[in-house]
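# Observations on the three-dimensional arrangement
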Amino acid sequence: MEKSDKISSKVKELLKTIPPHVTLLAAAKSRTVEEVEAAFDSGIRHFGHNYVQEAQEMIPNVGFNAHWHMIGHLQRNKAGQALEIFDYIDSLDSLKLALALEKRCQQLDRQVEVLIEVNSGLEEEKTGLPSSEVESLAHELSSLSRVHLVGLMTMGPFTGNPELARPYFVKTRTLFDYLESLHLPNTRMRVLSMGMSNSYRVAIEEGANMVRIGTLLFGPR
Ligand SMILES: *Cc1c(COP(=O)(O)O)cnc(C)c1O
């Protein structure tokens, strides 16, 4: 089977098993333009990338118009470049980065929706903000005018056993519900992005409404 046929049958299979309220985001790092086009042609509308430079080479060359999410760690000095290619920043992890985005948004006269990346598995993870610091960042974001908080993203510890990620998904879901209950200005908690190829089922059971999948769609990296 052609690579693109394989991808499209995987996409169709996955879209069938995922409940309709859950958005399937394809993680495109290290993939080719042809691979992401095959995913788009089969119905995927949200794509994620981890690296600004790789994404700069890919996104302008894809022949379709999708929603692009930055899902990798974003350095402050790349905030402007990221805003030129990404629609959403799903990996916000500091006020400094938020302020850099706010400033660039002003210059570009645009808005941006962001997710706070929660480092729910603390000991394992290097990216994201510890859960205990998320509420205060959310309060700070609520006073910005161009950066809008719309949800949380988490990876959870990667162990190979998705059941071990469940408590971290539960914890992130609880935090999500709590932030929603605060009704902060400029904040609409609507995206809970948890779960990858090996853990997306567990993540959906625990309330994810966005799952980020690479390997299962495109094959091993
Ligand atoms: C690569 C990546 C994914 C997808 O991982 P797979 O195991 O290949 O499905 C999801 N989220 C983030 C942040 C990633 O970097």
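The paragraphs below set out a description of the structure included in this document.

### A few points about the packing of aromatic side chains
All told, the structure shown has 3 aromatic pairs when counted by the stated rule. Between the aromatic rings of Phe47 and Phe64, the centroid separation amounts to 5.3 Å while the plane-to-plane angle is 35°, which identifies the pairing as tilted. One end of the pair, Phe47, is in strand β2 (residues 46-49); the other, Phe64, is in the loop between α3 (52-58) and β3 (67-70), and 17 residues separate them in sequence. Each of the two residues, Phe47 as well as Phe64, counts as buried. Three or more aromatic residues joined by ring pairs form one cluster here, namely Phe40, Phe47, Phe64 and Trp68. Residue placement shows Arg45 over the ring face of Phe40; its charged tip is 3.8 Å from the ring centre.

### Quick notes on the site of the ligand
Around the ligand, a shell composed of Ala27, Lys29, Asn50, Ile71, Met155, Met196, Ser197, Arg212, Ile213, Gly214, Thr215 and Arg221 is seen. Within the contact set of the ligand, an oxygen atom lies 2.7 Å away from a side-chain nitrogen or oxygen of Asn50. Within the side chain of Ser197, an N or O atom sits 2.5 Å from an oxygen atom of the ligand. Isolated, the ligand exposes 390 Å² of accessible area, and the fraction of that covered by the protein chains is 92%. Class assignment for the residues of the shell around the ligand results in 5 nonpolar, 4 polar and 3 charged.

What counts as what
- Residues numbered from 1 in each chain as written.
- Predicted model: local features only at pLDDT ≥ 70, side-chain atom pairs only at ≥ 80, totals over all residues.
- Heavy atoms only, no water.
- Phe/Tyr/Trp six-rings, centres within 6.5 Å; stacked < 30°, edge-to-face > 60°.
- Helix = DSSP H or I, 4+ residues; strand = E, 2+ residues; numbered from the N terminus.
- Buried < 20%, exposed > 50% of the residue type's maximum accessible area, 1.4 Å probe, protein only.
- Lys NZ or Arg CZ within 6 Å of the ring centre and 35° of its normal.
- Near = heavy atom within 4 Å.
- Polar contact = N/O pair within 3.5 Å; in protein donor to acceptor, adjacent residues only side chain to side chain.
- Areas by Shrake-Rupley, 256 points an atom, 1.4 Å probe, with all protein chains shown as cover.
- Nonpolar A, V, L, I, M, F, W, Y, C, P; charged D, E, K, R; others polar.

Nothing here speaks to function; it is all geometry.
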